[in-house]
Amino acid sequence: MATGGGSTAGGRFGHTWGPSLPSRSYQLHGAKGGKLRSASVITIESLPWEILLQIFSDLDASSLLCAGCVSKSFYQVSNDNLIWHRVYCRYFACKRKAWKPKAVDLATEKLSRISIQDSPAGFWKKEYIRKCAGLGTRGVGQLLKPINCYTGLPSKLKDAVKALGITWVVVLRERNGKEHVQEQSMASFGDTSATVCWNSVVCPPLSNLKALCVYGVTPLLAPSKTPAMNGPRRRSLLAEYNLTTLEESSTYIGGDKLVKLQCLYPGMLLGFWQEDGELAVIIASLHFHQLIEKCTLGSVTCPYSPPPHEPVLDDIDPEFGLHGYHCHITLHNGKSSYMSGSFHNLFCRKEYTQNGFLRITIISSRKESQHSTISGNLYFPWNTEFLKGNIQHCCLMDVTVLDEAEKPFWCVSSPVATQSACTSAIRYSYLGDRQTIDYKDSEGKVHMELMWLEEEQQYYIVNLVLYLSIKKVNAWFATNY
């Protein structure tokens, strides 16, 4: 077996070895008392390539992947096709071959090793990971089949997240490229969204930060006995936010004596200390629509891109795309729900289209029978490792709009806040303060009017209007409004 840097020899794996890792010189010098001391430290990387291969061949898949992240030389060794072929056959047993004479079997084995090494470096590692990924998603499709008749979303999505081992991390990237990874502190699930909190944020000053990225993380080798946090994992980018223009791109939601909340659309809340303006807590609101795909099918740099929607044409209905909508709206704070309502058979007239939006009235201010209550006062709780508090007059809003085929048309989950509104209209049925909640993006808008009754200590929803982008409607239904 070769031990020098430029020699080659047939090892126990039956193929020609490449050059050894860079060799280093080591000298031992005599010392008083007959003791020996080394002039330099011997490291494992100084071992010949063949010995490293034999060591690495005794590692399991998780350890091989972790070792490949140590250095370039370790990465090359851990990519060896023969090692990964043995790992592959160990976990996914190949079909039993027919009996052959020993001489023929040895010759076949040598040819097989040669063919394995002819594959590109890392080929069998990729095959093993691909096969493991397929096993990890087995049965998840069955969990996603049951659909909630009110929301139009998978009713067992929480179970699917647990089955896949999905967690979420945020990466704070400095201007010099250095990254700080924060593991999730808490995740709670509602009817239509998941609220994820990072309350142990340790990062450099806000002025040094360039971007904030949210990733869905899944174990690379599922099922695995290795804890997901310590084993190899795969990231899928959900959203990336620019922190260099935070003042222009964020919206103030609310605050108390210790913390103020700023919203980065869509669905990101940043809590800053009132004293010094540094990050205290990070909260993300993730809508259930295509959440599994977004957390598993994206890459480190690119989020998941859904396949293009194929519109269903209808030449018979002159108002195709203007009726048959269903809407489910939830107001909550991640822990408790204030309001959850489903509204069916919503429609819009052509004369109601204005400023590029279809106007759909869900709750009319003129019909008191449609008015509904909100349980309790609106507030959003926050907590860090040592402190906690409640910020009044703000919450999270989930909006799920389904088309006439009951397929998700517009889905959003975002922080919102109540704003005082001045009006000249007098409502004799409600004597209280009038407030509004508004949300807007490129695909739709929501306008909600609330009346706060001091005696009853609760809100009444007296008006709720949904606006859908005409551009999105035309693209979805192949119409020309």
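Caption draft 1: Region of the structure containing empty space enclosed by the protein. Here the structure, examined in full by the defined rule, presents 3 cavities of 30 Å³ or more. The calculated volume of the largest cavity comes to roughly 90 Å³. Taken together, Met186, Ser188, Thr195, Cys197, Ile283, Asn333, Gly334, Lys335, Phe380, Pro381, Trp382 and Asn383 form the lining of the largest cavity. Listed by contribution, the elements that provide at least two residues to the lining of the largest cavity are strand 5 (186-189), strand 6 (193-198) and strand 17 (379-383). For the lining of the largest cavity, the element with the most residues is strand 17, which contributes 4 residues.

Caption draft 2: Representation of the sheet that holds strand 3 (residues 167-174) in the model. Spatial ordering of the open sheet is given by 4-3-7-8, a layout of 4 strands whose pairing is antiparallel. Every interior strand has two partners, whereas the edge strands, strand 4 (179-183) and strand 8 (233-242), have only one. The mean inter-strand angle of the sheet, taken between neighbouring strand axes irrespective of direction, is 25°. Bridge analysis of strand 3 against strand 7 (residues 209-219) gives 8 bridges, and the strand direction is antiparallel. Looking at the pairing, Leu172 lines up with Leu212 of strand 7.

Caption draft 3: Looking closely at the packing of aromatic side chains. This structure, assessed with the given rule, holds 16 aromatic pairs. Taking 5.7 Å as the distance between ring centres and 45° as the angle between the ring planes, the aromatic pair formed by Trp84 and Tyr128 counts as tilted. Taken as a pair, Trp84 in helix 4 (residues 81-91) and Tyr128 in helix 6 (residues 123-136) lie far apart in primary sequence, 44 residues in all. Measuring from ring centre to ring centre gives 6.2 Å for Tyr338 and Tyr379, while their planes differ by 70°; the resulting arrangement is edge-to-face. Separated by 41 residues along the polypeptide, Tyr338 in strand 14 (residues 337-347) and Tyr379 in strand 17 bring together distant segments of the chain. Grouped by ring-pair contacts, the aromatic residues Phe320, Tyr325, Phe409, Trp476 and Phe477 constitute a single cluster.

Caption draft 4: Here's a closer look at the side chain of Glu174. Positionally, Glu174 belongs in strand 3. An unpaired buried charge is present at Glu174: no salt bridge exists, and Lys178, the closest side chain of opposite charge, is 4.8 Å distant. When neighbours within four sequence positions are excluded, Glu174 is seen to be in contact with His180, Pro204, Asn208, Leu209 and Lys210.

Caption draft 5: Highlighting the state of the cysteines. One pass over the full model with this rule turns up 0 disulfides. Of all cysteine sulfurs in the structure, the one in Cys395 sits closest to Cys394, which takes part in no disulfide; the separation is 7.1 Å. Assessed through its relative accessible area of 1%, Cys394 is described here as buried.

Caption draft 6: Spatial organisation of helix 4. When helix 4 is considered as a whole, its buried residues turn out to be Asn81, Leu82, Ile83, Trp84, His85, Val87 and Tyr88. One side-chain oxygen of the residue at the start of helix 4 lies 3.1 Å from the amide nitrogen of Leu82, identifying that residue as Asp80.

Caption draft 7: Representation of a nonpolar patch on the surface within the structure. A cluster of nonpolar side chains, contributed by Ile44, Ile51 and Ile55, occupies part of the molecular surface with about 210 Å² of accessible area. Relative to the helices and strands, Ile55 resides in helix 1 (residues 49-56).

Caption draft 8: How the structure looks around the pattern of salt bridges. A full pass over the atoms with the stated rule returns 6 salt bridges. A salt bridge links Glu179 to Arg173; the shortest N-O distance between them is 3.2 Å. Glu179 sits in the partly exposed class, given a relative accessible area of 40%. The salt bridge partner of Glu449 is Arg434, with a shortest N-O separation of 3.0 Å. Taken together, the positions of Glu449 in strand 23 (residues 444-453) and Arg434 in strand 22 (residues 433-440) put the pair 15 residues apart, joining distant regions of the chain. In terms of burial, Glu449 and Arg434 fall into one category: buried. One network of salt bridges, in which partners are shared, links Arg173, Glu179 and Glu240.

Caption draft 9: Quick look at a negative patch on the surface. Residues Asp433, Glu454, Glu455 and Glu456 make up a contiguous surface patch of negative charge. Within the secondary structure, Glu454 sits in the loop between strand 23 and strand 24 (458-469). Look at Glu454 and you get exposed, because its relative accessible area is 54%.

Caption draft 10: View of helix 11 (residues 470-477). Across the 8 residues of helix 11, 6 count as buried, placing the element largely inside the fold. For helix 11, the complete set of buried residues consists of Ile470, Lys472, Val473, Asn474, Trp476 and Phe477. For helix 11, the elements touching its buried residues are strand 13 (323-332), strand 15 (357-363), strand 20 (408-417) and strand 24. The opening residue of helix 11, the one whose side-chain oxygen lies 3.3 Å from the backbone nitrogen of Lys471, is Ser469. Phi for Ala478, located one or two positions after helix 11, is positive at around 60°.

Basis of the calculations
Residues numbered from 1 in each chain as written. Predicted model: local features only at pLDDT ≥ 70, side-chain atom pairs only at ≥ 80, totals over all residues. Heavy atoms only, no water. 1 Å grid on protein atoms, 1.4 Å probe; cavity = no way out; pocket = protein on both sides within 12 Å on 5 of 7 lines; lining within 4 Å. Points joined across faces, edges and corners; volume = space filled by probe spheres on them. Helix = DSSP H or I, 4+ residues; strand = E, 2+ residues; numbered from the N terminus. Pairing = 2+ DSSP bridges. Axes fitted to C-alpha atoms, helices over the stretch in contact; angles between N-to-C directions. Phe/Tyr/Trp six-rings, centres within 6.5 Å; stacked < 30°, edge-to-face > 60°. Buried < 20%, exposed > 50% of the residue type's maximum accessible area, 1.4 Å probe, protein only. Lys, Arg positive; Asp, Glu negative; His and termini not counted. Salt bridge = Lys/Arg side-chain N within 4 Å of Asp/Glu carboxyl O. Contact = heavy atoms within 4.5 Å. Disulfide = S-S within 2.5 Å. Polar contact = N/O pair within 3.5 Å; in protein donor to acceptor, adjacent residues only side chain to side chain. Patch = residues over 30% accessible without salt bridge, like charges linked within 9 Å, V, L, I, M, F, W, Y side chains within 5 Å. Areas by Shrake-Rupley, 256 points an atom, 1.4 Å probe, with all protein chains shown as cover. Charge placed at Lys NZ, Arg CZ, Asp CG, Glu CD.

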